[in-house]
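Secondary and tertiary structure notes
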Amino acid sequence: MARKAFMIDTSRCTACRSCQVACKQWNKLPADSEINRGSYENPPQLTPHLYNKIEFIETEVNGEFKWLFLNKRCLHCGEAGCLKVCPSTGALFRTEEGLIGFDKDKCIGCNYCVNGCPFDVPRYDADNKITKCHGCLDRVGNGLQPACVKACPTGTLQFGARDKLIAQGKTSGRKLYGEKALSGLGAMYLLDNQPQDYKLADNPSIPTSIFLWKDVIKPLGILGFWGSVGVAMLHYVTVGPKQLDDDTEAKGGE
Amino acid sequence: MGRYVERFSAFDRVVHWTLAVAFLVLVISGLGLFAHTFFGYFSFFGGPEQGILAHKIAGVVFLIASLLLFFAHAKDSCSFDSDDAKWFAAFGGYLSKNEKEIPQGKFNAGQKLFALFSFVAALVLGVTGFIIWDPTAMARGMTQFSLMLHGLFFILIMMGAVVHIYLATIGNPGTVDGMLWGQVKKVWAKKHASKWFKEVAGED
């Protein structure tokens with residue numbers, strides 16, 4: 001099946017946060033109790049009960065105050081750090097549409113995915129189980145739009161065939177974020193400004209330590225371990241052990 | 001005059017085998033986190049969450065036992081002399097049959113190196129293990145780096161363990177006796193640790 005993806009056209013967003021509410025409704029997530037921080041942005045971070053949120057980025061353009069609105073969520077990376085490090089097969093998985101879902105029953109609470117993610121997305125709930133945006137894979141699997149996309153009144157959020165969305169996005173003339181990075185993000189942005197203005201990495205990648213750990217140390221380690229066993233066995237049958245010259249036991253005892 | 005000479009005290013033996021059991025528990029409970037192939041090993045502990053708990057407990061035991069064992073022998077393990085240089089140059093005589101033994105103290109140069117390596121590895125695994133105890137508690141970059149180092153030193157200590165077990169058992173017959181019941185044969189001591197044997201037995 002062709003890969004599906006989100007396209008998030010930031011210039012259309014009015015920060016109504018219908019997406020946040022629709023997500024909570026569909027996924028039966030409770031409200032987080034919060035405090036007033038002097039911003040409409042609320043909560044300040046993704047939480048175990050908040051799979052997507054609008055970030056209110058305050059900037060100044062020609063002396064005028066300006067908001068940049070960014071829909072934060074799991075970006076369903078093509079090369080996903082969370083999948084790379086998850087020890088429990090099936091706790092995190094990729095659907096045939098390319099979305100990354102999770103299965104709390106299989107999650108072992110190791111928190112590795114939190115460290116494997118380049119975008120600081122996965123959160124753990126009170127039972128120490130993973131939560132994050134799963135792209136409403138239950139809705140998508142049944143031919144529906146994700147709840148946030150369905151609820152978005154301005155057309156900021158779109159969901160569909162990834163290729164088509166990219167082709168459409170390129171005609172808009174704005175900066176397309178996430179077409180190639182990490183083998184292509186499953187949630188891309190159309191930005192008016194530079195990625196760093198939205199606190200997005202220019203070239204997001206799997207964290208270096210995580211890459212070295214899983215793609216270098218692990219395969220070399222398996223080789224190293226069996227190599228050591230092989231060398232020991234080879235030594236025993238070629239050079240042989242250092243026998244004791246005067247071993248009385250070998251003479252049949254005293 | 002018996003045929004045996006005392007090599008390891010009861011304290012050494014108990015600490016060594018405590019360390020060995022903790023190591024085994026750590027390997028079995030940790031492999032499930034290392035690779036999908038070994039995920040089933042968690043069932044030895046009743047499940048992944050319990051396996052991770054066992055890993056943490058065994059980790060603390062392993063670190064304490066490693067420190068005790070290292071410091072109990074630090075005086076012997078940390079002093080290298082010219083005979084050790086000769087030992088390293090000859091690869092301990094392990095490269096061919098019937099090589100002449102180089103006079104060595106209580107521990108040969110390779111054993112001293114292994115003692116130092118084990119000490120460093122236990123420290124690194126212990127410190128990184130503490131950092132990843134709760135992988136969300138510390139700074140992200142430090143946790144990621146610790147996960148990597150923990151994996152690296154796991155591999156290194158596994159390779160060290162393979163060599164250690166081989167050389168201390170079938171590779172050098174008579175060696176494991178000292179760690180099992182404390183005594184080794186005098187012929188063993190004369191061959192493998194002649195300087196030490198002279199010291200403790202006053203014989204040549």
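Cut-offs used in this document
- Sequence order as written defines the numbering, with residues in each chain counted from 1.
- Working convention: letters from A go to chains and numbers from 1 go to ligands, in the order in which they are written.
- Where totals are concerned, whole chains, interfaces and linings use all residues; where local detail is concerned, this predicted model gives features only for residues with pLDDT of at least 70, and gives and counts side-chain atom pairs only at 80 or more.
- In this description, a residue-residue contact is defined by the distance between C-beta atoms placed from the backbone, which must lie within 7 Å.
- Counting from the N terminus, the helices are the DSSP runs of H or I reaching at least four residues and the strands are the DSSP runs of E reaching at least two.
- For this classification, Asp, Glu, Lys and Arg are treated as charged, while Ala, Val, Leu, Ile, Met, Phe, Trp, Tyr, Cys and Pro are nonpolar and the rest, including Gly, are polar.
- The span one expects for a helix is its residue count, reduced by one, times 1.5 Å.
- We call a residue exposed when 12 or fewer other C-beta atoms sit within 10 Å of its C-beta, buried when the count reaches 20 or more, and partly exposed for counts in between; the C-beta positions come from the backbone.
- Whether two strands pair depends on DSSP finding at least two bridges between them.
- Each domain's extent was defined by an automatic or database domain assignment.
- Fitted lines through C-alpha atoms give the axes, limited to the stretch in contact for helices. The angle between two N-to-C directions lies from 0 to 180 degrees.

Topic: the interface of chain B and chain A
Taken together, the contacts link 37 residues of chain B with 34 residues of chain A. Mapped by element, the contributors of at least two residues to the side of chain B that touches chain A are α1 (10-34), α2 (48-72), α6 (140-168) and α8 (186-192) of chain B. With 14 residues, the single largest contributor to the side of chain B that touches chain A is α6(B). Looking at the side of chain B that touches chain A residue by residue, the classes come out as 22 nonpolar, 10 polar and 5 charged.

Remarks on α1(B)
All names here are of chain B. In a regular helix each residue adds 1.5 Å, so 25 residues correspond to 36 Å; α1 covers 35 Å between its end C-alpha atoms and thus fits that length. Within α1, the full set of buried residues consists of Val15, Leu19, Ala22, Val25, Leu26, Ser29, Gly30, Leu31, Gly32, Leu33 and Phe34. On its buried face, α1 is in contact with α2 and α6.

Section: the pairing of strand β2 (residues 53-61) of chain A
Residue and element names in this part refer to chain A. The pairing of β2 with strand β3 (residues 64-72) spans 9 bridges and is antiparallel. Note that in β3 the partner of Phe56 across the bridge is Phe69. Between β2 and the antiparallel strand that follows it, β3, lie 2 residues; Asn62 among them carries a positive phi value of about 50 degrees.

Remarks on the domain arrangement of chain A
According to the domain assignment, chain A consists of domain 1 (4-198) and domain 2 (208-242). Summarising the inter-unit geometry, the C-alpha centres of domain 1 of chain A and domain 2 of chain A are found 42 Å apart.

Digging into the sheet that holds strand β8 (residues 157-161) of chain A
All names here are of chain A. One open sheet holds the 4 strands; their spatial order is β8-β1-β10-β9, and the pairing between them is mixed. Only two strands of the sheet have a single neighbouring strand rather than two, namely β8 and β9 (175-177). For this sheet, the mean inter-axis angle between neighbouring strands, taken without regard to orientation, is 25 degrees. In this sheet, strand β10 (residues 187-191) lies alongside strand β1 (residues 4-9) in parallel orientation, the contact comprising 4 bridges. From the neighbouring strand, Met7 faces β10, where its bridge partner is Met188. Packed onto the sheet, helix α6 (residues 162-171) meets β1, β8, β9 and β10 and runs at close to 130 degrees relative to β8.

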